[in-house]
Amino acid sequence: MAQTVRQQEIVDLLRERRSANITDLAGHFQVSDEIIRRDLKALSEAGMVDKFHGGVRLNVADWEAPFDCRLREQAAAKPRIAHAAAELVEEDATILLDKSSSSCLLAQVLAPRARHLTATTFSVEVAQILSSAGRHHRVILPGGELRAEDRTITGPSAIDFASQFTPSLFVMSVAAANAARGCMDFDLFEAEFKRAMIPLADKVMLLLDSSK
């Protein structure tokens, strides 16, 4: 599904509030009730929200799980992927890691093993793992707004800051990948961040398990 910006913002709002009524959404976005109903119909058909009389709630069962839950998903496959990926990271590498659970697990493998990494990341979780390893890694975080649910620094200023760097390796994951349609993500900020970063890196490493 190709979401409009407003539809993505509706989902983001529901992630905070869990539910909302049509009148409030129409007032928030300064559009008519009918436009909101069309947006909700599209989101409902995509399985992202559940409609009820006069309102809508987030379909938590089908939406991307919170970060701590995603760390436990594919518990057998993801550590194997992380260890295989770590073998491809050179000593003294300059790397950029996204906020995915796969990057978090990779950081856990790299932290005690690698030496003198320079790592830029939007993820406070990844930064904490690498900086606490005692291996003299250099960890760079951009400025921006901290998003509580996944401990990610977001906003245009964060992307602008990271765009100053040219990492030797960009490590990323996505919500889904398809040979015909490419990489897809739930999060508008994540999609914009990855589009901006991919051309800057010498190499891009995509970490995916079979569920993607």
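Conventions used here
- Residues numbered from 1 in each chain as written.
- Predicted model: local features only at pLDDT ≥ 70, side-chain atom pairs only at ≥ 80, totals over all residues.
- Heavy atoms only, no water.
- Pairing = 2+ DSSP bridges.
- Helix = DSSP H or I, 4+ residues; strand = E, 2+ residues; numbered from the N terminus.
- Axes fitted to C-alpha atoms, helices over the stretch in contact; angles between N-to-C directions.
- Contact = heavy atoms within 4.5 Å.
- Phe/Tyr/Trp six-rings, centres within 6.5 Å; stacked < 30°, edge-to-face > 60°.
- Buried < 20%, exposed > 50% of the residue type's maximum accessible area, 1.4 Å probe, protein only.
- Arc of directions from axis to C-beta.
- Polar contact = N/O pair within 3.5 Å; in protein donor to acceptor, adjacent residues only side chain to side chain.
- Core = buried A, V, L, I, M, F, W, Y, C linked by side-chain atoms within 4.5 Å.

**Student:** Please give an account of the sheet that holds strand β1 (residues 19–21) that cites residues and values.
**Tutor:** Here we have three strands laid out as an open sheet, ordered β1-β3-β2, and antiparallel in their pairing. Two strands bound the open sheet, and with one partner strand each, they are β1 and β2 (49–52). Shown here is a sheet whose adjacent strand axes are inclined to one another by a mean of 20 degrees, direction ignored. Here β1 runs beside strand β3 (residues 55–58); their pairing, made up of three bridges, is antiparallel. Within β3, the position partnered with S19 by the bridge is R57. Across the face of the sheet, helix α2 (residues 22–29) comes into contact with β1 and β3 while running at roughly 85 degrees to β1. Along the sheet face, helix α3 (residues 33–45) touches β2 and β3 and points at about 130 degrees away from the line of β2.

**Student:** Describe in detail the packing of aromatic side chains, supporting the description with residues and values.
**Tutor:** Summed over the entire model, instances satisfying the criterion amount to five aromatic pairs. Between F189 and F193, the ring centres sit 6.3 Å apart and the planes meet at 10 degrees, which makes this aromatic pair stacked. In this pair, F189 and F193 are both assigned in helix α9 (residues 188–197), four residues apart and thus about one turn of the helix distant. Residue classification places F189 among the buried residues on the basis of a relative accessible area of 10%.

**Student:** Which residues make up α2, and what values go with them?
**Tutor:** Looking only at α2, the buried set comprises I22, L25, A26 and F29. The buried residues of α2 occupy an angular sector of 100 degrees when the element is viewed end-on, so they sit on one face. Exposed residues pointing more than 90 degrees away from the buried face of α2 are listed as T23 and G27. Where α2 begins, the capping side chain belongs to N21, and its oxygen is found 3.2 Å from the backbone nitrogen of T23. Looking at the residues trailing α2, positive phi occurs at Q30, about 55 degrees.

**Student:** Run through the nonpolar core, naming residues and quoting values.
**Tutor:** In terms of nonpolar packing, the biggest core is built from 24 residues, with I95, L97, L106 and L110 touching the most fellow members. Those elements that place two or more of their residues in this core are α5 (77–86), β4 (94–97), α6 (101–113), α7 (124–131) and β9 (169–172). Take this core: its biggest share by element is seven residues, from α6. Not counting residues within four places of it along the chain, the set of residues in contact with L106 comprises A82, A85, A86, L97, V171 and L207. Ranked by size, the runner-up nonpolar core spans 16 residues in total, among them L25, A26, M48 and L58.

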